[in-house]
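Each chain, written out:
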Amino acid sequence: MTLRRTSVALGIALSLSAIPAAAIETVNFSTPGMDEDLRAQIKSNSALAAAEDEGRVSGQDVLAAALSDYGVLLETLYANGYYGGTISITLDGREAADIPLLQTPDAVNRVVVDVRSGPKYKFRTTRLEPLAPETELPEGFAPGNTARASIVGEAADAGIDGWRQLGRAKAELTYQQVTANHPDRRLDVDMRITPGPELRFGKLRTLNDSAVRSAAQRRIAGLPTGERFDPDELEEVARRLTDTGAFSSVTLREEEVPNADGTLDIELRVADAKPRRFGFGAEISSQDGLTLTTYWLHRNLLGGAERFRVDAEVSDISSETSEMDASLTARLEVPAAIAELGPDTDAFFQAALSSANEPTYNSDSIGLTAGFTRRFTDDLTGEIGVGLIYSQTEDDLGDREFLLFTLPTSLTWDKRDDDLNAKSGFYTNTEFTPFIDLDGDSSGARVYTDLRGYYGFGESKNTVLAGRLQLGSVIGPELEDTQPEFLFYSGGAGSVRGQPYQSLTVDLGDGDETGGRSFLGLSGEIRQDFGANWGVVAFADAGFISADSTPGGDGEWHSGAGLGVRYNTPIGPLRVDVAAPTSGDTGEGVQLYIGIGQAF
């Protein structure tokens, strides 16, 4: 039997004993006159092609796949605007649709799939009404365009979504007539939407056995009960719950029937994620030594989807420039901690211990911070807190102690397409930390900005230009009264590759040196990918340090340049860079850097 210009609905109920599998010798696709794109879709969508690839080649498997293909391939033709096509599928010369279900062949040797697309149809009339104001229908849904079935579905969805955006949660398609005029090769579409009443959000009902308390789920979700229904708000609810990391899946379902008061309840079902995870990383430099990092994370620590994370880092292992550095940080984040601040504001509490043995100073410090993080948009986040930092330092200015009260704030705007391997977009982070010296008069503020931009060429963006600008300044205290950890240094993987780590400083005379009160860093890269996994990079970096608070005044520059190789891995590109100094007198020779992710 050949299928022509009609829809086929097949219901198959097979109760057969196991049949030994036998290999299909050939599965041939005959698509005369068909363009390559449609031919590729036919083969890609075919259940027979999938069965052959997966080794499902018993007679029962082949017949089931063939019967499925009648409908699947017909839908493929419709999706591309072909409504007069024919489909024939033969198994060893017999039309699959004519084979009795209880006479399934034990084995099939030769399969032929013959698809004739016929002429392409165009829209003659496209009627969809009523439409909500400002509804945008697909461009292809208009008279004269190719009559793709998928466009009809997209138009219906757009019409319904337009009403849902205006609070009509139960808008639905209540009438549709699609008529193919075969002599004229035209398609007429007539659809009607019933908008339904305007509704408001009702209650959020939690239906699950999650370890996260139901009250905490509702608080984090932040469903705006009583406000007009908005599908975008439902997406935000799902996003807030997902962002906690406590759930592996989040499902929201609107109740079928609204409440008598015009509200619509929402059902929430979640599945808990595994509560604990850990990770590690490593980076090595020929002069700065090895850096090892690790973290341990506990989700839902107290039953309210809290995140407790401990980070540890040891750096300068086997370094030529200093002893090892070590740090330990513990941070507790409480999502939607205060109802009055809204569901997009989280609280955090952080404690940090650090022992730094840097080229120009040694310090042991402890810091305590508490505050709030706020998500303004998908790309823009901010943080504000209060902190207390105590440190004991030793440098060329002597042994000193600092006790600072701080008000750390930051704003991050991230529009990159990929955090570890960006090919387009930009990233900017600005930190502003006012501080009060509780043991003296050296109060002021520290400002730091990191701006990065990326531009990829061509559709595949195999060539990428990347640039970075770093600016830093300490305002208020004199240089000799500033905590060394707040000062700026240049050189190494994070600033100027090719120059030794923190090698550019401020010369105090008599062989003494310290960091600067201002910093300016510039970096540029040309990244070129080859094939699916390999890439090369050419880069140049420059850094400036000054004793003044304003970058660009009296101070010193140095720079470096080099080449690198990248190899893509599931966790980001493996980075190997070789660089050498190009100006300044802070270093010589070649430096090697190895790590995960692009340099910036």
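Here the structure is shown first, and the text comes after it.
The notes below deal with the structure included here. (Residues numbered from 1 in each chain as written. Predicted model: local features only at pLDDT ≥ 70, side-chain atom pairs only at ≥ 80, totals over all residues. Heavy atoms only, no water.)

**Some thoughts on helix H6 (residues 231-243)**
In this model, H6 (13 residues) spans 19 Å end to end at C-alpha, consistent with the 18 Å of a helix rising 1.5 Å per residue. Within the sequence span of H6, burial applies to Pro 231, Leu 234, Val 237, Arg 239, Arg 240 and Leu 241. Buried residues belonging to H6 abut helix H4 (149-164), strand E9 (200-206), helix H5 (214-221), strand E10 (247-254), strand E11 (263-272) and strand E17 (361-375). Positive phi appears at Gly 245, one or two residues downstream of H6, with a value of about 80°. (Helix = DSSP H or I, 4+ residues; strand = E, 2+ residues; numbered from the N terminus. Expected span 1.5 Å × (residues − 1). Buried < 20%, exposed > 50% of the residue type's maximum accessible area, 1.4 Å probe, protein only. Contact = heavy atoms within 4.5 Å.)

**Regarding the sheet that holds E10**
Taken in spatial order, the three strands of this open sheet run E9-E11-E10, and their pairing is mixed. The two strands at the open ends of the sheet, each matched to only one other strand, are E9 and E10. Each adjacent strand pair in this sheet contributes to an overall mean axis angle of 25°, direction not counted. The pairing of E10 with E11 spans seven bridges and is antiparallel. Across the sheet, Arg 253 pairs through a bridge with Glu 267, a residue of E11. (Pairing = 2+ DSSP bridges. Axes fitted to C-alpha atoms, helices over the stretch in contact; angles between N-to-C directions.)

**Digging into the side chain of Gln 598**
Turning to its location among the elements, Gln 598 is positioned in the segment after strand E30 (591-596). Polar side-chain contacts of Gln 598 include one of 3.0 Å to the side chain of Asn 421. Leave out the neighbours within four places in its chain, and Gln 598 touches Leu 420, Asn 421, Glu 525, Arg 527, Val 537, Arg 566, Pro 573 and Arg 575. (Polar contact = N/O pair within 3.5 Å; in protein donor to acceptor, adjacent residues only side chain to side chain.)

**Regarding the packing of helix H2 (residues 47-54) against helix H3 (residues 59-79)**
At a closest axis distance of 8 Å, the pairing of H2 and H3 adopts a crossing angle of 150°. The angle between H2 and H3 places the two elements in the roughly antiparallel class. In contact with Ala 47, Leu 48 and Ala 51 of H2, H3 contributes Val 62, Ala 65, Ala 66, Ser 68 and Asp 69. For the contact of H2 with H3, a count of residues per class yields six nonpolar, one polar and one charged. (Parallel < 35°, antiparallel > 145°, perpendicular 65-115°, else oblique. Nonpolar A, V, L, I, M, F, W, Y, C, P; charged D, E, K, R; others polar.)

**A few points about a negative patch on the surface**
Taken together, Asp 396, Asp 507, Asp 510, Glu 513, Glu 556 and Asp 585 make up a surface patch of like negative charges. You can see Asp 585 is positioned in the loop between strand E29 (572-583) and E30. (Patch = residues over 30% accessible without salt bridge, like charges linked within 9 Å, V, L, I, M, F, W, Y side chains within 5 Å. Areas by Shrake-Rupley, 256 points an atom, 1.4 Å probe, with all protein chains shown as cover. Salt bridge = Lys/Arg side-chain N within 4 Å of Asp/Glu carboxyl O. Lys, Arg positive; Asp, Glu negative; His and termini not counted. Charge placed at Lys NZ, Arg CZ, Asp CG, Glu CD.)

**Focus on the pattern of salt bridges**
Taken as a whole and judged by the stated rule, the model has 35 salt bridges. For Asp 344, the salt bridge goes to Arg 240, with nearest N and O atoms at 3.1 Å. Of this pair, Asp 344 sits in the loop between strand E15 (325-334) and strand E16 (345-357) while Arg 240 sits in helix H6, and the two are 104 residues apart along the sequence. Given a relative accessible area of 9%, Arg 240 falls into the buried group. Arg 575 is the partner of Asp 577 in a salt bridge, and the nearest nitrogen-oxygen pair spans 3.8 Å. We classify Arg 575 as buried; its relative accessible area is 5%. Three or more residues joined by partner-sharing salt bridges are found here, namely Glu 283, Arg 497, Glu 525, Arg 527, Asp 541, Arg 566, Arg 575 and Asp 577.

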